[in-house]
Amino acid sequence: VQLQASGGGSVQAAESLRLSCAASGRASSIYAMGWFRQAPGEEREWVASIDRSGHNEYYADSVKGRFTISRANAGNTVYLQMSSLKPEDTAVYYCAATHSASINVVNPFFNEYWGQGTEVTVSS
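Residues numbered from 1 in each chain as written. Predicted model: local features only at pLDDT ≥ 70, side-chain atom pairs only at ≥ 80, totals over all residues. Heavy atoms only, no water.

J.: Looking at this structure, I do not really get the overall build of the protein. What am I missing?
T.: A tally of regular secondary structure across the protein gives zero helices and 11 strands. Counting helices and strands in the order they occur from the N terminus, the protein gives β-β-β-β-β-β-β-β-β-β-β. Compactness check: the protein gives a C-alpha radius of gyration of 13 Å against a globular reference of 14 Å for 124 residues, within 12% of the reference. Along the longest, intermediate and shortest principal axes, the C-alpha atoms of the protein span 40 × 30 × 25 Å. Looking at the protein as a whole, 44% of its 124 residues are labelled buried. (Helix = DSSP H or I, 4+ residues; strand = E, 2+ residues; numbered from the N terminus. Rg over C-alpha atoms; globule rule 2.2 N^0.38 Å. Buried < 20%, exposed > 50% of the residue type's maximum accessible area, 1.4 Å probe, protein only.)

J.: Which parts of the structure should I look at to understand the nonpolar core?
T.: The nonpolar side chains of a soluble globular protein tend to be buried, and buried together. Membership of the largest hydrophobic core comes to 35 residues, with the highest contact counts inside it found for Leu 3, Met 33, Trp 35, Leu 80, Met 82 and Tyr 93. Broken down by secondary-structure element, the contributors of at least two residues to this core are strand S1 (2–6), strand S3 (17–24), strand S4 (33–38), strand S5 (45–50), strand S7 (67–72), strand S8 (77–82), strand S9 (91–97) and strand S11 (118–123). Here this core gets five residues from one element, more than from any other, and that element is S9. The contacts of Met 33, once residues within four sequence positions are left out, are Leu 3, Cys 21, Ala 23, Ser 49, Ile 50, Ile 69, Arg 71, Gly 75, Val 78, Ala 96, Ala 97 and Ile 103. (Core = buried A, V, L, I, M, F, W, Y, C linked by side-chain atoms within 4.5 Å. Contact = heavy atoms within 4.5 Å.)

J.: For this particular structure, what's the right way to read the packing of aromatic side chains?
T.: Ring pairs (aromatic) are described by centroid distance and by the angle formed between their planes. One pass over the full model with this rule turns up three aromatic pairs. Consider the rings of Phe 36 and Trp 114, whose centres lie 5.1 Å apart with planes at 55°: the pair is tilted. Of the two residues, Phe 36 sits in strand S4 while Trp 114 sits in strand S10 (residues 113–114), which places them 78 residues apart along the sequence. Judged by its relative accessible area of 22%, Trp 114 is partly exposed. An angle of 80° between the planes, with centres 6.4 Å apart, marks the rings of Tyr 94 and Trp 114 as edge-to-face. Here the residue Tyr 94 occupies a position in strand S9, and Trp 114 occupies one in strand S10, the gap between them amounting to 20 residues. Tyr 94 gets classed as buried once you look at its relative accessible area, which sits at 15%. (Phe/Tyr/Trp six-rings, centres within 6.5 Å; stacked < 30°, edge-to-face > 60°.)

Here it is, written out as structure tokens:
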């Protein structure tokens, strides 16, 4: 399975961005997908995740109400719609996928597959 992330960029505070992550290869074997982010000098942190059905979404408190995760293309693509962006959202964003029913948010690197990262910069 390969994950290809895209959609990052530089925006002003309060603006929006949408990240995309497309899975290829044996993508049908993927169950949960999610997004993490890593700011300079910080550990990778979980942002949002979604199950295979696309009906169950989970968010970190820091992004709840501002970010929306969704899946499309028979579950092979995951999106992260980011609104009301803040400077503290600045980070490299990574998509992740797993054969498990849910993304491992405590131990991120237990998730089997990772995209290459896409940079998001929010200026005030």
